[in-house]
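Analysis of the macromolecular model
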Amino acid sequence: MKLFDNWFGREKIYKFVYELKNPGFYDKPKTLLVTARKPTGAVKEFYRVAGLDRVGNILEFTEIKYGSGESEDV
């Protein structure tokens, strides 16, 4: 609904690169994409999907810009 786009904001794509809390020998950093309107909502969604007890360190948290081929660190 275009009427509420300015009120609620458009959803953006956020990229998380993270390590597991208890990694195995061959575990590499994981990547997860989530959509949200604000960075705080993206972090909440990330922990809901990835699991609060499984995430060790967040190595990268960026907002992906539409169509630009670039990303911006948040």
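**Looking at the overall build of the protein chain**
Summing up its helical and strand segments, the protein chain has two helices and four strands in all. Along the chain direction, N to C, the helices and strands of the protein chain fall in the order α-β-β-α-β-β. Scored against the burial criterion, the 74 residues of the protein chain give a buried share of 22%. In the protein chain, 53% of the contacts between residues at least 6 apart in sequence involve partners at least 24 apart.

**Thoughts on the pattern of salt bridges**
Where charged atoms from two side chains of opposite charge come close, those side chains can pair. Under the defined criterion, the tally for this structure stands at three salt bridges. Where R37 meets E11, a salt bridge forms, and the shortest distance between an N and an O atom there is 3.9 Å. With a gap of 26 residues between them, R37 in the loop between β2 (30-36) and α2 (39-50) and E11 in the loop between α1 (5-8) and β1 (12-20) connect regions that are remote in the sequence. One salt bridge connects E60 with K15, and the closest N-O pair in it is separated by 3.6 Å. Taken as a pair, E60 in strand β3 (residues 55-64) and K15 in strand β1 lie far apart in primary sequence, 45 residues in all. E60 sits in the partly exposed class, given a relative accessible area of 29%. A relative accessible area of 26% places K15 in the partly exposed class.

**A short note on the environment of L32**
Among the structural elements, L32 can be located in strand β2. With a relative accessible area of 18%, L32 lands in the buried category. Sequence-wise, L32 and K15 are 17 residues apart; in three dimensions their C-alpha atoms are separated by 5.9 Å. Residues within four places of L32 in sequence aside, it is in contact with Y14, K15, F16, Y18, F46, V49 and A50.

**What to know about the pairing of β1**
Every other side chain in a regular strand lies on the same face of the sheet, so the side chains alternate between the two faces. As judged from the seven bridges shared by β1 and β2, these two strands associate in the antiparallel manner. Within β2, the position partnered with I13 by the bridge is T35. In terms of strand pairing, β1 meets β3 through seven bridges, oriented antiparallel. Bridge pairing links Y18 to I58 in β3.

Calculation criteria
Residues numbered from 1 in each chain as written. Predicted model: local features only at pLDDT ≥ 70, side-chain atom pairs only at ≥ 80, totals over all residues. Heavy atoms only, no water. Helix = DSSP H or I, 4+ residues; strand = E, 2+ residues; numbered from the N terminus. Buried < 20%, exposed > 50% of the residue type's maximum accessible area, 1.4 Å probe, protein only. Contact = heavy atoms within 4.5 Å. Salt bridge = Lys/Arg side-chain N within 4 Å of Asp/Glu carboxyl O. Pairing = 2+ DSSP bridges.

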